[in-house]
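# Structure assessment
The residues making up each chain are set out below.
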Amino acid sequence: MTHRDPLYRRHRFPAEIIAHAVWLYFRFPLSLRMVEDLLAARGIMVSHQTVRQWAEKFGRTFANEARRRSSGRLGDKWHLDEAAVSIGGKKHWLWRAVDQDGFVLEVLVQSRRNAKAAKRLMRKLLKGQGRSPRVMVTDKLRSYDAAKREIMPGVEHRSHKGLNNRAENSHQPIRRRERIMKRFKSPRHLQRFVSIHDPIANLFHIPRHDISAGHYRELRSAAMSLWAEIARA
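Residues numbered from 1 in each chain as written. Predicted model: local features only at pLDDT ≥ 70, side-chain atom pairs only at ≥ 80, totals over all residues. Heavy atoms only, no water.

## Thoughts on helix α4 (residues 115–129)
- End to end, α4 covers 21 Å across 15 residues, agreeing with the expected 21 Å (1.5 Å per residue, within 8%).
- Every buried residue belonging to α4 is among A117, A118, K119, L121, M122, L125 and Q129, and all of these are buried.
- On the buried face of α4, the contacting elements are β1 (77–87), β2 (90–98), β3 (104–110), β4 (135–138) and α5 (142–151).
- One side-chain oxygen of the residue at the start of α4 lies 3.3 Å from the amide nitrogen of K116, identifying that residue as N114.
- G130 occupies a position one or two residues after α4 and carries a positive phi of about 75°. (Helix = DSSP H or I, 4+ residues; strand = E, 2+ residues; numbered from the N terminus. Expected span 1.5 Å × (residues − 1). Buried < 20%, exposed > 50% of the residue type's maximum accessible area, 1.4 Å probe, protein only. Contact = heavy atoms within 4.5 Å. Polar contact = N/O pair within 3.5 Å; in protein donor to acceptor, adjacent residues only side chain to side chain.)

What follows is the structure in structure tokens.
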């Protein structure tokens, strides 16, 4: 028997297989059954229920480690936005903050779209990043301005619909997953998914448009090495 990391204790499959299944599920817009089929094509026979259990247990650990490593190291220009999500016939709001390079800083599911909800997002941002931004960019929702005056009064605030495209585009991966998963079952389900998905997505977010092909391959290899280190595989 070979040495196993305590994280994978009592699991029959090797760490590499479990980590690969979790990577497939959160890295690409795949359903649990799609991941099951991809693994089966390589002779790895697991059920989609097992993939779901792996995603919830190990994905949380991997996401927490990725978030810890990036805390305070992301950009100082914060783009904030909110998107409506229908869950069980009721409208909820997915509040999101990204930096100037498109890295996700924080995601929060809330039932309201008001100043109180905006304050909660800003407090989580400050706690997670450990510092205030240089600039905060939002759309024209007045709740942001009211919350900023109380939480971050000295921060420059730019409120303009066209300036906030980066945050609005950041919602697209979750929209694709929402269609594949046939909608999220509850606000807790959505919060759990985005809390795991976005930190892992940050690891592989590379601004492809403004770097050379060689540099892109280097960054992609570095991202895969970092993933293997986080997954302890």
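Text resumes after the structure shown.
## Points about the environment of N202
- With respect to the element layout, N202 can be found in helix α8 (residues 187–203).
- Through-space distance from the C-alpha of N202 to that of L190 is 18 Å; in sequence the pair is 12 residues apart.
- Excluding its chain neighbours within four sequence positions, the residues that come into contact with N202 are F103 and V104.
- In this structure the side chain of N202 is engaged in a polar contact, spanning 2.9 Å, whose partner is the backbone oxygen of V104.

## Quick look at the sheet that holds β4
- Strand order across the open sheet formed by five strands is β3-β2-β1-β4-β5, with mixed pairing between neighbours. Both outer strands of the open sheet, β3 and β5 (156–159), are each paired with one neighbouring strand and no more. The average angle at which neighbouring strand axes cross in this sheet is 20°, direction not considered.
- Set on the sheet, α4 makes contact with β1, β2, β3 and β4; between it and β3 the angle comes to about 145°. (Pairing = 2+ DSSP bridges. Axes fitted to C-alpha atoms, helices over the stretch in contact; angles between N-to-C directions.)

## Considering the packing of helix α3 (residues 48–70) against helix α9 (residues 213–231)
- Axis separation between α3 and α9 bottoms out at 9 Å; the angle between their running directions is 120°. Relative to α9, the element α3 is oriented oblique. For the crossing formed where α3 meets α9, the hand is right-handed. Residues F62, E65, A66 and R69 of α3 pack against L226, W227, E229, I230 and A231 of α9.
- A per-class count over the contact of α3 with α9 returns six nonpolar, no polar and three charged. (Parallel < 35°, antiparallel > 145°, perpendicular 65-115°, else oblique. Left-handed = near helix turned anticlockwise from the far one by under 90°. Nonpolar A, V, L, I, M, F, W, Y, C, P; charged D, E, K, R; others polar.)

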